[in-house]
Amino acid sequence: MGTNKSLDIITKYLENLSKSENERNELYFFISQNLDQFFEISERMVGEVKKIKDEHPNNWKEMVAMTMFSTL
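Figured I'd write up the structure that's included with this text. (Residues numbered from 1 in each chain as written. Predicted model: local features only at pLDDT ≥ 70, side-chain atom pairs only at ≥ 80, totals over all residues. Heavy atoms only, no water.)

In this section: the overall build of the chain. On a plain count of helices and strands, the chain comes out with four helices and zero strands. In the chain, of all internal contacts separated by at least 6 residues, the share reaching a separation of at least 24 is 48%. With an accessible surface of roughly 5000 Å², the chain has 47% of that area assigned to carbon and sulfur atoms. (Helix = DSSP H or I, 4+ residues; strand = E, 2+ residues; numbered from the N terminus. Contact = heavy atoms within 4.5 Å. Areas by Shrake-Rupley, 256 points an atom, 1.4 Å probe, with all protein chains shown as cover.)

Encoded structure:
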């Protein structure tokens, strides 16, 4: 899957997860910066990132790294 197609898919899923454009942009930026970590990005994974962000607003990036990337 090409990078542009992957980023388009991420954009589509993020639109469904949050009504806040700032939040979508922040999540999109984080995921796109770490696209190699998200090689097989899926709706479920994006949902999990959003869930972690909601539960841990102050340190969500670290929590994503600890919970998701350690299982790969």
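Taken as a class, soluble globular proteins show a tendency for nonpolar side chains to be buried jointly. Within the largest apolar cluster, 14 residues are counted, with the highest numbers of intra-cluster contacts made by Ile10, Trp60 and Val64. Of all the elements in the fold, those that place two or more residues in this core are α1 (3-17), α2 (21-33), α3 (43-55) and α4 (60-67). (Core = buried A, V, L, I, M, F, W, Y, C linked by side-chain atoms within 4.5 Å. Buried < 20%, exposed > 50% of the residue type's maximum accessible area, 1.4 Å probe, protein only.)

The final tally for this structure, using the stated rule, is one aromatic pair. Here the aromatic rings of Phe30 and Trp60 are separated by 5.0 Å at their centres, their planes lie at 70°, and the arrangement is edge-to-face. Of this pair, Phe30 sits in helix α2 while Trp60 sits in helix α4, and the two are 30 residues apart along the sequence. Assigned by exposure class, Phe30 and Trp60 land together as buried. (Phe/Tyr/Trp six-rings, centres within 6.5 Å; stacked < 30°, edge-to-face > 60°.)

With that settled, the discussion passes to α2. Compared with the 18 Å implied by 1.5 Å per residue over 13 residues, the 18 Å span of α2 between its first and last C-alpha is a close match. Among the residues of α2, Glu23, Leu27, Phe30 and Ile31 are the ones counted as buried. Buried residues of α2, viewed axially, fall in a sector of 95°; they line one side. In α2, the exposed residues that point more than 90 degrees away from the buried face are Glu21, Asn22 and Gln33. (Expected span 1.5 Å × (residues − 1). Arc of directions from axis to C-beta.)

Moving on: the environment of Phe30. On the basis of relative accessibility, which here comes to 9%, the residue Phe30 falls in the buried class. With 31 residues separating them along the chain, Phe30 and Lys61 place their C-alpha atoms 8.2 Å apart.

A separate point is the side chain of Glu23. Tracing the chain through its elements places Glu23 in helix α2. The buried category is assigned to Glu23, whose relative accessible area is 15%. For Glu23, the contacting residues outside a window of four places in its chain are Ser18, Lys50, Lys53 and Asp54.

What is shown is where atoms sit, not what they do.
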